[in-house]
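Okay, here's what each chain looks like letter by letter:
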Amino acid sequence: MSIDAPWMRASRAAGLIGSDGTARPTIFAEMSALALEHDAVNLGQGFPDDDGPAPVLEAAVEAIRAGVNQYPPGRGVAELRQAIAEHQQRFYGLSVDPAREVLVTAGATEAIAASLLALAGPGDDVVTVEPYYDAYAAVIGLSGARHITIPLSEPGFQPSPDAIDAAITNRTAVIVLNSPHNPTGSILAPEHVERIVAAAARHDAVIVSDEVYEHLVFDGARHRPTASYAGAAERTLTVSSAAKTFNVTGWKIGWVTGPAELVDAVLGVKQWLTYVNGAPFQGAVARGLQLDDGFYDGLRATLQRRRDLLATGLVDAGFTIAPTAGSYFIVADGSPLGLTDAAASARALAVDPGVVAIPLSAFGLADAAGGASVVSASALRFAFCKPDHVIAEGVRRLQSLRR
């Protein structure tokens, strides 16, 4: 097959393959492979080592044994769609029609991909904040749209009003928000969300709000969905998933909620991607969404304790860290230790002292010189979604950097 086939050109433009036509591994695959090769503590990729809550796991086992193993309905099983609607009402006071305004997807990643492919294309702009979850750039590239970013400024990783106004224009078809934010662990301040919503309304853009870390918000704060802001509900698709809340990243059960006409547009693409997904897991996730407040409070408390354990260890090892208000992640600057090139440092740290992190530059647009356009070249992302003893071992190893 010709290397210039249209799908190859699109994949190259999206950064998915190299000039020779071979697949380009993600930074997560590369660093996880290094972790295995060098028996390193993997604080890089954001997947938990703990299993999910027993009632949720047992519900999946029971479903498999009961024969729930064939194609589910295209929009998702009614039990899960109802549970998602009840979840939005219970936690946020948002009214969602489970029949028309909820779509179950193969994880949040498919929800985002199907949304962008449905709503943006050549001649359009898609706006994200930067740094950004790397899948956004890949899908924007595949859509043919132009990727525009709103820089987040350290140490709190917030945008400036001027940057918001400059990025969102009449060319903007979609604005992708992500709060709590991967990779920085920040939460967008309400005044910035309000400004983005106002700009979206002014330019008739759709907002895709990635809220997969909605229940991982710390220090007594609570998540506020984008759709709850004045003027947002009619133009916002809200994306979430079971992966981070219930420690079931391998199940790939996500969802999107929003106005029926926008959800229908996403379904129009989703049905040609995975078609349907995860029949025995859908009812189990519904069971999880119905767990009492004690589960959600315990989840936050556990992750906050682990955040603090890792944060203290990183500072003791000589890093400077940014505040983490939510998510799984801490951004740490290695320049006080002479670690000025995060990409090189991440590979070196995997070997000695044997701790894996992800360079923050992997979450930014490359400039003409090959560097990151707005992302610190010395910053590393560490994940604390690991058991206490794993974090403690990683911290112990990192102490050797001070010597």
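Residues numbered from 1 in each chain as written. Predicted model: local features only at pLDDT ≥ 70, side-chain atom pairs only at ≥ 80, totals over all residues. Heavy atoms only, no water.

**Focus on the pattern of salt bridges**
Part 1: For the structure shown, the criterion picks out 19 salt bridges.
Part 2: Arg306 is the salt-bridge partner of Asp388, the closest N and O atoms lying 2.9 Å from each other. Taken together, the residues Asp388 in helix α14 (residues 388–398) and Arg306 in helix α12 (residues 293–317) connect sequence positions 82 residues apart.
Part 3: A salt bridge links Arg307 to Asp308; its shortest N-O distance comes to 2.9 Å.
Part 4: The structure contains a network of salt bridges with shared partners spanning Asp50, Arg305, Arg306 and Asp388. (Salt bridge = Lys/Arg side-chain N within 4 Å of Asp/Glu carboxyl O. Helix = DSSP H or I, 4+ residues; strand = E, 2+ residues; numbered from the N terminus.)

**Points about unusual backbone geometry**
Apart from glycine, the bulk of residues carry a negative phi angle, and the bulk of peptide bonds sit in the trans form.
Part 1: The residue after Ser179, namely Pro180, is reached through a cis peptide bond having omega -5°.
Part 2: For Pro180, the location among the structural elements is in the loop between β5 (172–178) and α8 (190–203).
Part 3: The step from Asn182 to Pro183 runs through a cis peptide bond, and the omega angle for that step is 25°.
Part 4: With respect to the helices, strands and loops of the structure, Pro183 is situated in the loop between β5 and α8.
Part 5: The backbone of Tyr275 sits at a positive phi, close to 70°, despite the residue not being glycine.
Part 6: Of the residues examined, Tyr275 reaches a relative accessible area of 44% and is grouped as partly exposed.
Part 7: The phi dihedral of Ser327 is positive, around 80°, even though this residue is not glycine. (Buried < 20%, exposed > 50% of the residue type's maximum accessible area, 1.4 Å probe, protein only.)

**So, the side chain of Ser378**
Part 1: Tracing the sequence through the fold places Ser378 in the loop between β12 (358–359) and β13 (379–383).
Part 2: When residues no more than four places from it in sequence are discounted, the contact partners of Ser378 are Ala332, Asp333, Gly334, Ser335, Leu339, Thr340 and Ala342. (Contact = heavy atoms within 4.5 Å.)

**Brief notes about the environment of Asp125**
Part 1: Mapping Asp125 onto the fold places it in strand β3 (residues 125–130).
Part 2: We classify Asp125 as buried; its relative accessible area is 1%.
Part 3: Separated by 23 residues in the primary sequence, Asp125 and Ile148 place their C-alpha atoms 6.5 Å from one another.
Part 4: Excluding its chain neighbours within four sequence positions, the residues that come into contact with Asp125 are Arg146, Ile148, Thr169, Arg171, Thr172, Ala173 and Val174.

**With respect to the pairing of strand β6 (residues 206–210)**
Part 1: Burial analysis of β6 places 5 of its 5 residues in the buried class, which makes it a mostly covered element.
Part 2: Burial along β6 is two-sided: Val206, Val208 and Asp210 and Ile207 and Ser209, pointing in opposite directions, are all buried.
Part 3: The parallel pair β5 and β6 is bridged by α8, and the resulting crossover is right-handed.
Part 4: In the sheet, β6 pairs with strand β7 (residues 236–241) via 4 bridges, with the strands oriented parallel. Note on β7: the bridge partner recorded for Ser209 is Thr238. (Right-handed = clockwise from strand over helix to strand, strands pointing away. Pairing = 2+ DSSP bridges.)

**Brief notes about the nonpolar core**
Part 1: Formed by 96 residues in total, the largest nonpolar core has its most connected members in Val174, Ile175, Leu237, Leu310, Phe319 and Phe382.
Part 2: Ranked by the residues each element gives to this core, the list is headed by helix α5 (residues 107–119), at 7 residues.
Part 3: Among residues more than four places away in sequence, those in contact with Val174 are Leu116, Leu119, Ala120, Asp125, Val126, Val127, Val206 and Val208.
Part 4: Formed by 24 residues, the second largest nonpolar core is a distinct cluster that contains Leu57, Ala59, Val96 and Val102. (Core = buried A, V, L, I, M, F, W, Y, C linked by side-chain atoms within 4.5 Å.)

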